[in-house]
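A structural walkthrough
Each chain, letter by letter, is given below.
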Amino acid sequence: MADSAGSSQKEVQFEDFYTEVKEIERRDSVLTSKQQIERLLRPGSTYFNLNPFEVLQLEPDTAVELIKKKYRSLSILVHPDKNQDNKDTAQQAFEIVCKAWKTLENEVTRKKCLDVYEEAKDRTDHMIAEKRKKLKKEGRGDELIPEDDPSKYKHAVYVMTMKLFADMERRRQQLETRDQEERKRKREAEIEEEERIKQDRQWQKSWEESRQSRVDSWHSFQAGTSSSKKKKKVKKPLEFNPPKLKPESR
């Protein structure tokens, strides 16, 4: 009986949740061009718009044909030509919508987005399991947790999905910054090497250009040395003159 009552309660909760979702979809489907532009450019949109399904207001399991249909209708709605009084912001919104479609029409990038959703669900389920484990440890295993409400569970998955997309973007930016710094460091090293080679070539050029003047200077020095040797008097060796003999006197 208890299980039956619990199942009935969950069915009622799910029906309420499903009705609420449909109401939200109907409301969003009739948003005006201005409202859609405001939605796409709202505060925090930089991170919200990382999720292409969020941009196009679609569930992750939506078929590609329906995704394309929603893209076309939304792109027309926010197109700058349809919003002449607000062309700049309309252009921004239009580019966001186009980027979302390009991500989802590609099988590889769409699969990556779906993987993010699956990971968000797994993490949410793990978080819920930890909450239940804690309640059971405290002797309150029969108590419900907020995520037992389908709408709150969906919201928890939504929040986790946004977090994962944001984490991915931060990692991408970090890698891009690191790559830019590495390219900058390599370029600086290349410039330094190019400058060294330039200086070496300039020194070699100057050395070659001054070769003749050095040769001429050496020849002049050699010529001057030879001339001074010629002008130098050669000393005659000293002659030995023996003393004159005096006659012997007797």
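In the block above lies the structure referred to throughout.
Here is a short report on the structure shown in this document.

Our next topic: the overall build of the protein chain. Helix and strand counts for the protein chain come out as 9 helices and 0 strands. Helices (α) and strands (β) of the protein chain occur, in sequence order from the N terminus, as α-α-α-α-α-α-α-α-α. Per-residue burial over the protein chain gives 22% buried out of 250 residues. Of the contacts formed within the protein chain by residues at least 6 apart in sequence, a portion of 62% connects residues at least 24 apart.

Okay, helix 5 (residues 64–78) next. For helix 5, spanning 15 residues, the distance from its first C-alpha to its last is 21 Å, which sits close to the expected 21 Å at 1.5 Å a residue. Along helix 5, the residues that are buried comprise Ile 67, Tyr 71, Leu 74, Ser 75 and Val 78. Projection of helix 5 onto a plane perpendicular to its axis shows the buried side chains occupying an angular sector of 100 degrees, all on one side. Pointing more than 90 degrees away from the buried face of helix 5 are the exposed residues Glu 65, Leu 66, Lys 69 and Ile 76. As for helix 5, its buried residues are in contact with helix 2 (33–40), helix 4 (52–55), helix 6 (87–105) and helix 7 (107–137).

One number sums up the size of the second largest pocket: a volume of about 470 Å³. Considering the residues around the second largest pocket, the lining is formed by 15 residues, among which Asn 49, Leu 50, Lys 99, Thr 103 and Glu 169 are closest to the centre. Broken down by secondary-structure element, the contributors of at least two residues to the lining of the second largest pocket are helix 6, helix 7 and helix 8 (150–209).

On to the environment of Glu 65. Its place among the elements puts Glu 65 in helix 5. Judged by its relative accessible area of 62%, Glu 65 is exposed.

Another point: helix 7. Here helix 7 spans 45 Å end to end across 31 residues, near enough to the 45 Å set by a 1.5 Å rise per residue. Buried residues of helix 7: Arg 110, Cys 113, Val 116, Tyr 117, Ala 120, Thr 124, Ile 128 and Leu 135, and no others. Turning to helix 7, the residues buried within the fold contact helix 4, helix 5, helix 6 and helix 8. One side-chain oxygen of the residue at the start of helix 7 lies 2.9 Å from the amide nitrogen of Val 108, identifying that residue as Asn 106.

Counted according to the given criterion, the structure contains 19 salt bridges. Of the charged contacts in the structure, one is a salt bridge between Arg 172 and Glu 169, with a shortest N-O distance of 2.7 Å. Placement of the pair is Arg 172 and Glu 169 together in helix 8, with a separation of 3 residues, close to one helical turn. Glu 169 sits in the buried class, given a relative accessible area of 17%. For Arg 185, the salt bridge goes to Glu 182, with nearest N and O atoms at 2.8 Å. Of this pair, Arg 185 and Glu 182 both sit in helix 8, 3 residues apart, which is roughly one turn of the helix.

Ranked by internal contacts, the top residues of the largest apolar core, which has 25 residues, are Phe 53, Leu 56, Ile 67, Val 78 and Val 97. Where this core is concerned, the elements lending two or more residues are helix 2, helix 4, helix 5, helix 6, helix 7 and helix 8. If one sorts the elements of this core by residue count, helix 6 sits on top with 8 residues. Setting aside chain neighbours within four positions, we find Phe 53 in contact with Leu 58, Glu 59, Pro 60, Ile 67, Leu 104, Cys 113, Leu 114 and Tyr 117.

On to the packing of aromatic side chains. For the structure on display, the rule yields 2 aromatic pairs. When the centroid spacing of 5.8 Å and the interplanar angle of 75 degrees are considered together, the rings of Phe 53 and Tyr 117 count as edge-to-face. Of this pair, Phe 53 sits in helix 4 while Tyr 117 sits in helix 7, and the two are 64 residues apart along the sequence. In this structure Phe 53 comes out as buried when scored by relative accessible area, which is 1%. A centroid spacing of 5.3 Å and a plane angle of 10 degrees characterise the contact between Tyr 71 and Trp 101, whose relative ring orientation is stacked. Here the residue Tyr 71 occupies a position in helix 5, and Trp 101 occupies one in helix 6, the gap between them amounting to 30 residues. Above the plane of the ring of Phe 48 lies Arg 42, whose end atom (NZ or CZ) is 4.2 Å from the centre.

Below, the discussion takes up the packing of helix 7 against helix 8. When two helices pack together, you describe them by how their axes are tilted relative to each other and by the distance separating the axes. Axis separation between helix 7 and helix 8 bottoms out at 8 Å; the angle between their running directions is 125 degrees. As summarised for this structure, helix 7 and helix 8 are arranged oblique, according to the angle between their axes. In this structure, helix 7 meets helix 8 at a crossing whose hand is right-handed. Mapping the contact onto sequence places Cys 113, Val 116, Tyr 117, Glu 119, Ala 120, Lys 121, Arg 123, Thr 124, Asp 125 and Ile 128 in helix 7 and Tyr 153, Ala 156, Val 157, Met 160, Thr 161, Leu 164, Phe 165 and Met 168 in helix 8. Grouping the constituent residues of the contact of helix 7 with helix 8 by class yields 12 nonpolar, 2 polar and 4 charged.

Analysis parameters
Residues numbered from 1 in each chain as written. Predicted model: local features only at pLDDT ≥ 70, side-chain atom pairs only at ≥ 80, totals over all residues. Heavy atoms only, no water. Helix = DSSP H or I, 4+ residues; strand = E, 2+ residues; numbered from the N terminus. Buried < 20%, exposed > 50% of the residue type's maximum accessible area, 1.4 Å probe, protein only. Contact = heavy atoms within 4.5 Å. Expected span 1.5 Å × (residues − 1). Arc of directions from axis to C-beta. 1 Å grid on protein atoms, 1.4 Å probe; cavity = no way out; pocket = protein on both sides within 12 Å on 5 of 7 lines; lining within 4 Å. Points joined across faces, edges and corners; volume = space filled by probe spheres on them. Polar contact = N/O pair within 3.5 Å; in protein donor to acceptor, adjacent residues only side chain to side chain. Salt bridge = Lys/Arg side-chain N within 4 Å of Asp/Glu carboxyl O. Core = buried A, V, L, I, M, F, W, Y, C linked by side-chain atoms within 4.5 Å. Phe/Tyr/Trp six-rings, centres within 6.5 Å; stacked < 30°, edge-to-face > 60°. Lys NZ or Arg CZ within 6 Å of the ring centre and 35° of its normal. Axes fitted to C-alpha atoms, helices over the stretch in contact; angles between N-to-C directions. Parallel < 35°, antiparallel > 145°, perpendicular 65-115°, else oblique. Left-handed = near helix turned anticlockwise from the far one by under 90°. Nonpolar A, V, L, I, M, F, W, Y, C, P; charged D, E, K, R; others polar.

Worth remembering: the numbers are spatial, not functional.
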